[in-house]
Amino acid sequence: MIENKDKRWSVAGHFIMIILSVLAIAPFILLLMSSITDEGTALQNGYSFFPQKFSLDAYSYIATQWGLIGRGYLVSIFVTIVGTFVGVSISAMLAYTLSKHDLPGRGLLMFLLTFTMLFNGGLTSTYIVYTQIFHIKDTIFGLLLPNLLMNAYFVIMFKNYFEHTLPGALVESARIDGATEFKIFYKIAVPLSVPMFVTVGMTSALSYWNDWTNGMYYLSTNSNIQSIQTLLNNINENIKFLQQNNVGTTVTTADLPSVTVRMAIAVVGVLPMLLLFPLFQRWFVNGATEGAVKE
Amino acid sequence: MKEKKILPVLMATILTVAVVGCGNGNNTNSSTANNSNQSKTEASETGKINFNEEPYTIKMNYAVLGQEQPDLSKIEAKLNEVTLKEINAKVDLEGVSLYNTANVYALKASSGEKMDLMMLMPGSSYLSSFAGRKMIRPIDKEIAEWGPALKETAGDLLPAGQFKGEQYAVPQITSGKLTFGFTLNKNILDKYNIDITGVSSLDDMDAIFEKVHKSEPSLTLLAPEVSSSDMASFLVYFDGLGNTYGGLTDDSGTKVVNLFETEQWVNTAKKVREWYQKGYISKDVSTSQDDGGTLLDNGKVFATASGSIHFNGGATVPIPKRTIALHPPVLTTADSQLFLWAVSSSSERPDKAIQFLNLLNSSKELSTLLKYGIEGEHYELNKDGTVDTSKNENYRNDWLMFGNYNLMPLDSSFVQSSGISADKYRAREKEWNDKTEKSPGYGFMFDPTPVKTEVAALDAIVQQYRKVIGNGSVDTDELLKKFNDSLYAAGLQKVMDEKQRQFDEWLATKGK
């Protein structure tokens, strides 16, 4: 009897999860399908899961524009890799340091960390500091530094992990063997916290990859280091603006990519993350809950 | 024990230093550059440019659609050659993505970033708010002193750049004013031998639509040219004086009336409804995101209710089209405000900015340079004096936003698509411009600040009703009454009264 009930539960559970998964995947499939729909068909019938006429024109257009899109791609990849690496390193080292309870001034550092996590100066003052003190405008730092480089939330996740999951005895024994603090960090703390590193790295890489706001504020439109997301967002927002504002018919949308091309750029844009995510997913689930429970 | 404490501290400090240091690395070059321009010398003599001072760099911001311009620096170099000689200044061009201009300008202004000239597009949306927030400055004095050519070339447009009686911006001289009516697929007209000469009213269209519908019942006959607007709004003349709530129609004189109660609008909406019920209009016209213009070019509709009727009677590419104008062209304030050049409040040398605008508007060389690029590199000059830009990839701008349209050569793709020669094009354009009248409200701009809340409420109501009624997809009689009732309930009368008051005041000062 009980077994039966369990079975029913699991059938119902599976059923619900399948529906939810389909709902989550469907937009992606629609995106993919509309990117390979013939432009005329898309105009006439709208987007469809089963377009009447297929066409790879959108992708060949991207190929012709590879100078622009390909460079955007490279910029995105560079920024994601460098940003994630530097960001995770800083976060982990800071967190490791903060996990030492005998650190002088630890309270102050923790306060600074949490305070800036909860409050910030707003866009204008941030912009002033970055452009007039650090002069990152129109440089690659404009994509790397603002908002994304170090996230206090990640530091706290790391810190909790180091405090509660890292066996104190291990650190102690290493110290007895004469290891320096830095050696303990990278020989013991880092290898033991791989799930955490993957989790934070993945999240950080995602936010670097998907970011377009930094490009919008810290790069001029003629800059040659626009990331792929900045380019895509730019195209979409301008089309929306032209549709919503009657800026006169002297303005044509002819120069802007067509519907199917926008879809194709979006597909190209999500592809790397789509491929990368399953590879690290195993660690991801582990890491997200790790450090959450105290022993 | 002591040793144990030092290392973590060291690590923490190193990290902090490293983060700060990262940013500091590339800060040296620009801070020095900023200071060099601060040598401020007042112009010594009226109308005479001081060549003894250090050349000032004018920062010029304008809207672009975001494509990169690899050759922008070449254009700048060429431009600076001339400007250094003529007005002792350099120009630094920077495009801002169109959708984001308001944010970027505000950010630059509040952060004190260098900014001299900025283009507002569409100026009608930004002029009053930017001037009200003191982001841009009055330039009457500078124009009087440094803008003789501006007064000559753009003199009759200048009222469109005024706000509360002060000149805040210089309207761009652009191509002729467009009017409204229908754009039709010429192939279909020819196929059924339809003659459109003499067609000048909505009722005249009935016969044409009926004929085409009978032969091709599955073809959608009519769509709004852009999906954000509705057909009735395209087909009625109305000068809203800054927004939709109260304005001037053909026979209202200087009395502000409610568009949605005027005979013209009501009748047009009813006519469109009739066409909708006869099946001429697509059922999802009000929800569709596709512009009628695109559909027309793809042969998906027979005609569009259009606001881009021109003197040439219809283009030839990508498909041959004919147009029917329902109204003679009338220039309103908003038309001249599409591109406005304003001077930032933070500009150190507004006089230089105006000197440059003055130079640009009077120079064929510079107008052509900024619009088309460098001859031989970005365009070829055709025999008939038009410009062929088809081979150019490295410098292009999307709009007629630079220089004086009347001085620069025509783009051959425009002339070719009209199917007439370049000379004829110019002649017809001139005739059209001479025919173009100015609305009695030309130069007046409604300041909505006193009735801000009402306007916001009205916006929401208009969004709810206007499109469905204007496209005929709902019952006109029933909903129109409901629409107007809700408008009045949300304070339409108050907004109209305020507009009338401001307008009367403006008329009085103008009459003086």
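The shown structure was predicted, so the numbers you read here are calculated from the model rather than taken from an experiment.

**Notes on the overall build of chain B**
For step 1, the next point in the chain: Scanning chain B for helices and strands turns up 20 helices and 15 strands.
For step 2, the next point in the chain: The proportion of buried residues among the 512 residues of chain B is 45%.
For step 3, the next point in the chain: Across chain B, contacts joining residues at least 24 apart in sequence account for 78% of those joining residues at least 6 apart.

**Some remarks on the overall build of chain A**
For step 1, the next point in the chain: Summing up its helical and strand segments, chain A has 14 helices and zero strands in all.
For step 2, the next point in the chain: Helices and strands appear in chain A in the N-to-C order α-α-α-α-α-α-α-α-α-α-α-α-α-α.
For step 3, the next point in the chain: By residue count, 30% of the 295 residues in chain A fall in the buried class.
For step 4, the next point in the chain: Look at the contacts in chain A between residues 6 or more apart in sequence, and 71% of them connect residues 24 or more apart.

**Brief notes about the sheet that holds strand 8 (residues 220–224) of chain B**
Residues and elements named next belong to chain B.
For step 1, the next point in the chain: In space, the four strands of this open sheet follow the order 8-9-7-10, with mixed pairing throughout. Of all strands in the sheet, those with a lone pairing partner are strand 8 and strand 10 (321–325), marking the two edges. The sheet shows a mean angle of 30 degrees between the axes of neighbouring strands, direction not considered.
For step 2, the next point in the chain: Across four bridges, the pairing between strand 8 and strand 9 (residues 301–309) is parallel.

**Digging into the domain arrangement of chain A**
Residues and elements named next belong to chain A.
For step 1, the next point in the chain: In terms of domain boundaries, chain A breaks down into domain 1 (1–55) and domain 2 (69–289).
For step 2, the next point in the chain: Inter-centroid distance (C-alpha atoms) of domain 1 to domain 2 is 31 Å.
For step 3, the next point in the chain: Every contact between the two is made by seven residues of domain 1 and, on the other side, seven residues of domain 2.
For step 4, the next point in the chain: Tallying contributions element by element places helix 1 (residues 2–35) first for the side of domain 1 that touches domain 2, with four residues.
For step 5, the next point in the chain: Its residues assigned to classes, the side of domain 1 that touches domain 2 comprises three nonpolar, three polar and one charged.

**Things to note about the sheet that holds strand 3 (residues 117–120) of chain B**
Residue and element names in this part refer to chain B.
For step 1, the next point in the chain: Strand order in the open sheet formed by five strands is 2-1-3-12-6, with mixed pairing between adjacent strands. Only two strands of the sheet have a single neighbouring strand rather than two, namely strand 2 (89–97) and strand 6 (169–171). Neighbour-to-neighbour, the strand axes of the sheet open up by a mean angle of 25 degrees, direction not taken into account.
For step 2, the next point in the chain: Docked against the sheet, helix 5 (residues 123–132) engages strand 3, strand 6 and strand 12 (340–343), running at close to 130 degrees with respect to strand 3.

**So, the domain arrangement of chain B**
Residues and elements named next belong to chain B.
For step 1, the next point in the chain: Domain boundaries in chain B define domain 1 (52–173 + 334–445) and domain 2 (178–328 + 448–512).
For step 2, the next point in the chain: Measuring from the centre of the C-alpha atoms in domain 1 to the corresponding centre in domain 2 gives 30 Å.
For step 3, the next point in the chain: Taken together, the contacts link 17 residues of domain 1 with 15 residues of domain 2.
For step 4, the next point in the chain: Mapped onto the side of domain 1 that touches domain 2, the elements with two or more residues apiece are helix 5, helix 16 (412–418) and helix 17 (422–435).
For step 5, the next point in the chain: Top element by residues in the side of domain 1 that touches domain 2 is helix 17. It accounts for four residues.

**Concerning the pairing of strand 3 of chain B**
Regular strands show a simple pattern: their side chains alternate between the two faces of the sheet.
Residue and element names in this part refer to chain B.
For step 1, the next point in the chain: Side chains of strand 3 alternate between two faces, with Leu117 and Met119 and Met118 and Leu120 buried alike.
For step 2, the next point in the chain: Bridge count between strand 1 (residues 56–64) and strand 3: two bridges; the pairing is parallel. Across the sheet, residue Met60 finds its bridge partner in strand 3, namely Leu117.
For step 3, the next point in the chain: Across four bridges, strand 3 lies against strand 12 in antiparallel orientation. Bridge pairing in strand 12 places Leu120 opposite Leu340.

**Concerning the environment of Val468 of chain B**
All names here are of chain B.
For step 1, the next point in the chain: Considering the arrangement of structural elements, one finds Val468 in helix 18 (residues 452–470).
For step 2, the next point in the chain: Sequence-wise, Val468 and Gly132 are 336 residues apart; in three dimensions their C-alpha atoms are separated by 35 Å.
For step 3, the next point in the chain: With residues near it in sequence (within four places) discarded, Val468 still touches Ser286, Ser473 and Val474.

**Quick word on the pairing of strand 10 of chain B**
All names here are of chain B.
For step 1, the next point in the chain: For strand 10, a buried count of four out of five residues is recorded, marking the element as mostly surrounded by other parts of the structure.
For step 2, the next point in the chain: The pairing of strand 7 (residues 179–185) with strand 10 spans five bridges and is classified as antiparallel. Bridge pairing links Asn185 to Lys321 in strand 10.

**Looking at the environment of Gly403 of chain B**
Residues and elements named next belong to chain B.
For step 1, the next point in the chain: Considering the arrangement of structural elements, one finds Gly403 in the loop between strand 14 (387–388) and helix 16.
For step 2, the next point in the chain: Judged by the 25 C-beta atoms lying within 10 Å of it, Gly403 is buried.
For step 3, the next point in the chain: With 34 residues separating them along the chain, Gly403 and Leu369 place their C-alpha atoms 9.1 Å apart.
For step 4, the next point in the chain: In contact with Gly403, not counting residues within four places along its chain, are Leu360, Asn361, Leu366, Ser367, Leu370, Lys371 and Met408.

**Here we look at the confidence of the model for chain B**
For step 1, the next point in the chain: Taken residue by residue, chain B gives an average pLDDT of 82. The fraction at 70 or more is 90%.
For step 2, the next point in the chain: For this predicted complex, the interface confidence score (ipTM) comes to 0.74, while the overall pTM stands at 0.77.

**So, unusual backbone geometry**
Residue and element names in this part refer to chain B.
For step 1, the next point in the chain: Across the junction of Met121 and Pro122, the peptide omega takes the value -10 degrees, indicating a cis bond.
For step 2, the next point in the chain: The topology assignment puts Pro122 in the loop between strand 3 and helix 5.
For step 3, the next point in the chain: Its identity is not glycine, yet Asn88 carries a phi of approximately 50 degrees, on the positive side.
For step 4, the next point in the chain: As for its position among the elements, Asn88 is in the loop between helix 3 (72–87) and strand 2.

**Describing the environment of Asn392 of chain B**
Residue and element names in this part refer to chain B.
For step 1, the next point in the chain: Following the sequence through the fold, Asn392 ends up in the loop between strand 14 and helix 16.
For step 2, the next point in the chain: As a C-alpha pair, Asn392 and Ala232 span 160 residues in sequence and 40 Å in three-dimensional space.
For step 3, the next point in the chain: Asn392 has contacts with Gly373, His378 and Tyr379, leaving out every residue within four places of it along the chain.

**A few points about the nonpolar core**
For step 1, the next point in the chain: Counting 121 residues, the largest nonpolar core has Met119, Leu120, Leu222 and Ala342 of chain B as the members making the most contacts within it.
For step 2, the next point in the chain: Filtering out sequence-adjacent residues up to four positions away, Leu222 of chain B remains in contact with Met231, Trp275, Tyr280, Ile281, Val301, Ala303 and Ala305 of chain B.
For step 3, the next point in the chain: Ranked by size, the runner-up nonpolar core spans 18 residues in total, among them Tyr130, Leu145, Trp209 and Tyr218 of chain A.

Definitions and limits used
- Residues numbered from 1 in each chain as written.
- Chains lettered and ligands numbered in written order.
- Predicted model: local features only at pLDDT ≥ 70, side-chain atom pairs only at ≥ 80, totals over all residues.
- Helix = DSSP H or I, 4+ residues; strand = E, 2+ residues; numbered from the N terminus.
- Buried ≥ 20, exposed ≤ 12 C-beta atoms within 10 Å, placed from the backbone.
- Contact = placed C-beta atoms within 7 Å.
- Pairing = 2+ DSSP bridges.
- Axes fitted to C-alpha atoms, helices over the stretch in contact; angles between N-to-C directions.
- Domains from an automatic or database assignment.
- Nonpolar A, V, L, I, M, F, W, Y, C, P; charged D, E, K, R; others polar.
- pLDDT = per-residue confidence, 0-100.
- Core = buried A, V, L, I, M, F, W, Y, C linked by C-beta atoms within 7 Å.

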